[in-house]
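Residue strings, one per chain:
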Amino acid sequence: MKDDDQNFMREALKVATSEGSDPATSPIGCVIVMHGQIVAAERNRVDHDHDATAHAEISAIRAAGHASGNADLRGAVLYSTLQPCGMCMMASIWAKVGRVVYGAGRGDVHRIYFEDRHIDTLDFIRDAYRDDISVAGGVLRDDCAALYYRPWDHPPKSEQGNI
């Protein structure tokens, strides 16, 4: 773990809880850091925007590209309170993010937050597409996992759309 990882993950936690912490809303926070500075900070906006692609990471990648004036985020570090899904990991690859750091992983939260069939798309996509992206998990794991339904919870069926 790099020295600043906990500090930037704390910032991602603040973003995640900026509009509440109901696990039903998937309060995921993401910050993107370039040259030691936060250039984007976004929260999951799927329900708010009625947009299945408005994940925190996707929104942050868009904001970072806009802020930098370049879609190439080479050297950037993406911090997310939850392990990125396949779509978000793929977007990180296309944006040329150099490092992805997350808090809670698949085993820390209920399976509703991830793709079904027990496929860990993060490893698959990273291994299939890029040799120069690094991924680190478990930064402030307990603080991050506390935002979501845990593996032993029983979320309402209405919130279990992907299983």
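To keep things clear, this report deals only with the structure shown in the data block. (Residues numbered from 1 in each chain as written. Predicted model: local features only at pLDDT ≥ 70, side-chain atom pairs only at ≥ 80, totals over all residues. Heavy atoms only, no water.)

## Some details on the packing of aromatic side chains
For step 1, the next point in the chain: What the rule picks out here adds up to one aromatic pair.
For step 2, the next point in the chain: Ring plane angle 40° and centroid distance 5.4 Å describe the contact between Phe-8 and Tyr-79, whose orientation is recorded as tilted. In this pair, Phe-8 is assigned in helix α1 (residues 5-16) and Tyr-79 in strand β3 (residues 77-82), connecting sequence segments 71 residues apart.
For step 3, the next point in the chain: Judged by relative accessible area, which is 3%, Tyr-79 ranks as buried. (Phe/Tyr/Trp six-rings, centres within 6.5 Å; stacked < 30°, edge-to-face > 60°. Helix = DSSP H or I, 4+ residues; strand = E, 2+ residues; numbered from the N terminus. Buried < 20%, exposed > 50% of the residue type's maximum accessible area, 1.4 Å probe, protein only.)

## Re the layout of surface pockets
For step 1, the next point in the chain: In this structure, the second largest pocket encloses a volume near 160 Å³.
For step 2, the next point in the chain: For the lining of the second largest pocket, the class distribution of residues is one nonpolar, five polar and five charged. (1 Å grid on protein atoms, 1.4 Å probe; cavity = no way out; pocket = protein on both sides within 12 Å on 5 of 7 lines; lining within 4 Å. Points joined across faces, edges and corners; volume = space filled by probe spheres on them. Nonpolar A, V, L, I, M, F, W, Y, C, P; charged D, E, K, R; others polar.)

## A few points about the sheet that holds β3
For step 1, the next point in the chain: Taken in spatial order, the five strands of this open sheet run β2-β1-β3-β4-β5, and their pairing is mixed. Each end of this open sheet is capped by a strand with a single partner; those strands are β2 (37-43) and β5 (134-136). For this sheet the average axis-to-axis angle between neighbouring strands, irrespective of direction, equals 15°.
For step 2, the next point in the chain: The pairing of strand β1 (residues 29-34) with β2 spans six bridges and is antiparallel. Bridge pairing in β2 links Gly-29 to Arg-43.
For step 3, the next point in the chain: Across the sheet, α1 touches β1, β2, β3 and β4 (99-104), and the angle it forms with β1 is around 140°. (Pairing = 2+ DSSP bridges. Axes fitted to C-alpha atoms, helices over the stretch in contact; angles between N-to-C directions. Contact = heavy atoms within 4.5 Å.)

## Some details on the environment of Asn-7
For step 1, the next point in the chain: Secondary-structure assignment places Asn-7 in helix α1.
For step 2, the next point in the chain: Remark: the alpha-carbon pair of Asn-7 and Leu-140, spanning 133 residues in sequence, is separated by 9.7 Å.

## Regarding the pattern of salt bridges
For step 1, the next point in the chain: Scanning all chains against the criterion turns up five salt bridges.
For step 2, the next point in the chain: With its nearest N and O atoms 3.0 Å apart, the salt bridge here joins Asp-49 to Arg-45.
For step 3, the next point in the chain: With a closest N to O distance of 3.0 Å, Arg-141 and Asp-108 form a salt bridge. Residue Arg-141 is found in helix α6 (residues 141-145), and its partner Asp-108 is found in the loop between β4 and α5 (121-129); the two are separated by 33 residues along the sequence.
For step 4, the next point in the chain: Residue Asp-108 is classed as buried on the basis of its relative accessible area of 16%. (Salt bridge = Lys/Arg side-chain N within 4 Å of Asp/Glu carboxyl O.)

## Overview of helix α3 (residues 56-68)
For an α-helix the count is 3.6 residues per turn, leaving residues at separations of three or four pointing the same way.
For step 1, the next point in the chain: Taking 1.5 Å per residue, 13 residues should reach 18 Å; α3 reaches 18 Å between its end C-alpha atoms and fits that length.
For step 2, the next point in the chain: Inspection of α3 places Ala-56, Glu-57, Ile-58, Ser-59, Ala-60, Ile-61, Ala-64 and Gly-65 among the buried residues, and these make up the whole buried set.
For step 3, the next point in the chain: Contacts from the buried residues of α3 go to β1, β2, β3 and α4 (86-94). (Expected span 1.5 Å × (residues − 1).)

## What about the environment of Asp-143?
For step 1, the next point in the chain: Assignment of secondary structure puts Asp-143 in helix α6.
For step 2, the next point in the chain: Separated by 133 residues in sequence, Asp-143 and Arg-10 place their C-alpha atoms 9.0 Å apart.

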